[in-house]
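Geometric and topological summary
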Amino acid sequence: MVKEDGEIKELGKKLAQNPDSMVFVQLADAYRRAGDLESSVETCLRGLERHPNYATARVILGRNYLDLGKLDEAGAEFLSIEKSDPENILAHRMLGQIALQKGHFAEAIARQQRVLALDPDDGTAQELLQQALMQAKQSESAAKGAPAAPKAPAPAPSAPAAPAAPKAAATDEQSQALKVADIYIKKHDFEKAIEVVREILLVSPDHALSQQKLKEIVALKVAASGVDKQLEENRKAEEEARRKAEEEARRKAEEAARAKAEEEVRRKAEEEAARAKAEEEARRKAEEAARAKAEEEARRKAEEEAGRAKAEEEARRKAEEAARAKAEEEAHRKAEEEILRKAEEETRRKAAEEAARGKAEEESRRKAEEEAARGKAEEEARSKASKAPDVRGRGLEKFTQDDILSVIAGSAEDLIGNDGQAAPVKKSGASPEALGVIEAFLKAQAIEASLLLDAKGAMVDCRMPGDPAALAQTAAAVFQGTERAALSVGLGGLKQVMIMGPDNRQILFLKLGAGVLVVLTGRETNVGLLRVAVQDLMKRA
Amino acid sequence: MDFKAALKDMVDSVDGSIGAGLVGLDGLVIDQVSMSGDFDITVVGAEYATIVKNSSKAARNFGLGKTDEIMVSTEKATMIMTTVGEEYFIALALGLDGNLGRGRLELKKQAAKFAQALA
């Protein structure tokens, strides 16, 4: 009992934790074994509300109703089982037993025959069949009024049932013993019940009531054994189902876990692959960037190298040009120095000649002065008497050296006169050295022809072939036009114009004071010496 | 031919150059290069063209014959001009410290190239 109480508590706790659980069947069975049929019925009813097709629960419930004497309720439960399982042996047996207790012998016989048809070796069914047949016969005899066979006891109820009228009167002790057996029966302790009844029969072997009780107990034991067997089978099936369900659940859980793990592994693998790919991409990009940078650097260096090489080449070229120009300049300078040296030598030579000639000229000049003093009166008289002849067109040799010097010094107007008339020649008082230079220039430079213009471009002297007026006009146009252009462009006052032609011949326009000297050099003219002489002449002028 | 580039080369290669120009004898400046703001041959191209023409006339009248080169010396500079064909001339202006010999040489070289290009 203690064991059953503990089992009931344990099963009740499980059911409370999970009301949907099928453990209610075990709890109902435990209640039944403990003799608490009402609690067993209540447990079955609550469980069947959730699991209406649970056959084992209906078997226990039917047994409970049967033990409680509720034959109709018990029959309803076993009919429900039969409906869902027409070949359920237990249902047929119990329905047969109920029919026997109700006195429905035909049905009881049919049910037991059906059981035997399903299981010919079923001893309980054979026993119950005989009992049903016998009672049916007795019932038939009683109905006919014939002397009946000894009345068989009523089928033993699952609960202690009132025994049928015993053939022999039982003693109080036997009656008391039978009540004890009923108590054992009620507690489903059939062995003890049988033992108690056998003790009665040992004393009174013919005690019919005890014999009948023994049969009932045996029948109940067999029935209980079948129920227990069915319950055990159901329990095993349920256990197997639960085990399978748990196995399935576990398998599914494992599969789910495995799938999840695989998914996780796959996800990690994908992440790893993605990360590896990203790293690869980043590495590739970094390499490309590095390569591009290196290429850019190489290109830049190449460009710098090329630029540097070009600059060096340019610098080298310029240096070479500078060196060449310097060499040319040096050569030019040396040539000029050589020319200057020769010119100075020539000048010194001529100066010496001039010095020798100077004495004679001094003598001439003295005589000329005397002559001039003597002719002054005559000159004055001539100038008053008539106009002076036009000096234009006269040859240079007709002027004295002082006349030429006066022109060069800007006194051409004095020579020519503002009115274009010849003016008296003024003596400049130029030094003999200056006169010598001019004369030397005019005579010594191998000049083919010369032209002397005054400040207005008028002809003073012409030693050129051709029309003097036209030559003067051309020369004046060139010089004045050039001077105007030079001033316009901001190059300052004009000093000289040189027109170079073939055969090393040149036309020089030299500005000497207010006048212009135009000379045409010859093929034999030393241009270098001429330039030196011109510079010297211009300096002196 | 890139006249301006050629003029620039000439100016760059002669020390003391202050400018150069290619001018038609009608006075119109075809191209010029100036290394100094003071030199602008465009302004006086016509007058220099007249100088060249008058110089040529003078050369003929004075019995010199053909004009190869004209050199004008002023207080501030020296201008060398040479004809290019029958219709153009090149002018190169040098400062007082300019390399006259180099200027004449470069002018002669460029004149030949210009003459070929303008022929």
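Refer to the structure above for everything that follows.
Below is a short write-up of the structure. Since we're looking at a predicted model, the values are computed, not measured. (Residues numbered from 1 in each chain as written. Chains lettered and ligands numbered in written order. Predicted model: local features only at pLDDT ≥ 70, side-chain atom pairs only at ≥ 80, totals over all residues. Heavy atoms only, no water.)

1. Examining the overall build of chain B
Scanning chain B from N- to C-terminus turns up three helices and five strands. Of all 119 residues assigned to chain B, the portion counted as buried reaches 50%. Sequence-distant contacts in chain B: of pairs separated by 6 or more residues, those separated by 24 or more amount to 52%. On chain B, roughly 5200 Å² of surface is accessible, and the fraction owed to carbon and sulfur atoms is 50%. (Helix = DSSP H or I, 4+ residues; strand = E, 2+ residues; numbered from the N terminus. Buried < 20%, exposed > 50% of the residue type's maximum accessible area, 1.4 Å probe, protein only. Contact = heavy atoms within 4.5 Å. Areas by Shrake-Rupley, 256 points an atom, 1.4 Å probe, with all protein chains shown as cover.)

2. Observations concerning the packing of helix α3 (residues 37-50) of chain A against helix α4 (residues 55-67) of chain A
Residue and element names in this part refer to chain A. For the pair α3 and α4, the least separation of the axes is 9 Å and the interaxial angle reads 145°. For α3 against α4, the interelement crossing comes out left-handed. Taken together, the residues of α4 that come into contact with α3 (itself represented by Leu37, Ser40, Val41, Cys44, Leu45 and Leu48) are Ala57, Arg58, Ile60, Leu61, Asn64, Tyr65 and Asp67. Here the contact of α3 with α4 is composed, by residue class, of nine nonpolar, two polar and two charged. (Axes fitted to C-alpha atoms, helices over the stretch in contact; angles between N-to-C directions. Left-handed = near helix turned anticlockwise from the far one by under 90°. Nonpolar A, V, L, I, M, F, W, Y, C, P; charged D, E, K, R; others polar.)

3. Remarks on the environment of Gly47 of chain A
As for its position among the elements, Gly47 of chain A is in helix α3. Between the C-alpha atom of Gly47 of chain A and that of Ala28 of chain A, which follows or precedes it by 19 residues, the distance is 9.3 Å.

4. A word on the pattern of salt bridges
Under the counting rule described, the total for this entry stands at 43 salt bridges over all chains. Salt bridges sharing partners connect three or more residues here, namely Glu7, Asp29 and Arg33 of chain A. (Salt bridge = Lys/Arg side-chain N within 4 Å of Asp/Glu carboxyl O.)

5. Details of the pairing of strand β5 (residues 515-521) of chain A
Residue and element names in this part refer to chain A. Among the seven residues that make up β5, seven are buried, leaving the element largely enclosed by the rest of the structure. Side-chain alternation along β5 places Gly515, Leu517, Val519 and Thr521 on one buried face and Val516, Val518 and Leu520 on a second face that is also buried. Here strand β1 (residues 447-453) pairs with β5 via six bridges, running antiparallel. Its bridge partner lying in β5, Leu451 is registered against Val518. Pairing analysis gives six bridges linking strand β4 (residues 506-512) to β5, with the strands arranged antiparallel. Looking at β5, one finds that Ile507 is bridged to Leu520. Between β4 and β5, which pair antiparallel in sequence order, lie two residues; one of them, Gly513, sits at a positive phi of approximately 60°. (Pairing = 2+ DSSP bridges.)

6. A short note on helix α15 (residues 468-488) of chain A
Quick reminder: α-helices carry 3.6 residues per turn. Residues three or four places apart thus point the same way. Residue and element names in this part refer to chain A. Across its 21 residues, α15 extends 30 Å between first and last C-alpha, which sits within 8% of the 30 Å expected from 1.5 Å per residue. You can read the cap of α15 off the contacts: a side-chain oxygen lies 3.1 Å from the backbone nitrogen of Ala469, and it is on Asp467. Just beyond α15, the residue with positive phi is Gly490, at close to 85°. (Expected span 1.5 Å × (residues − 1). Polar contact = N/O pair within 3.5 Å; in protein donor to acceptor, adjacent residues only side chain to side chain.)

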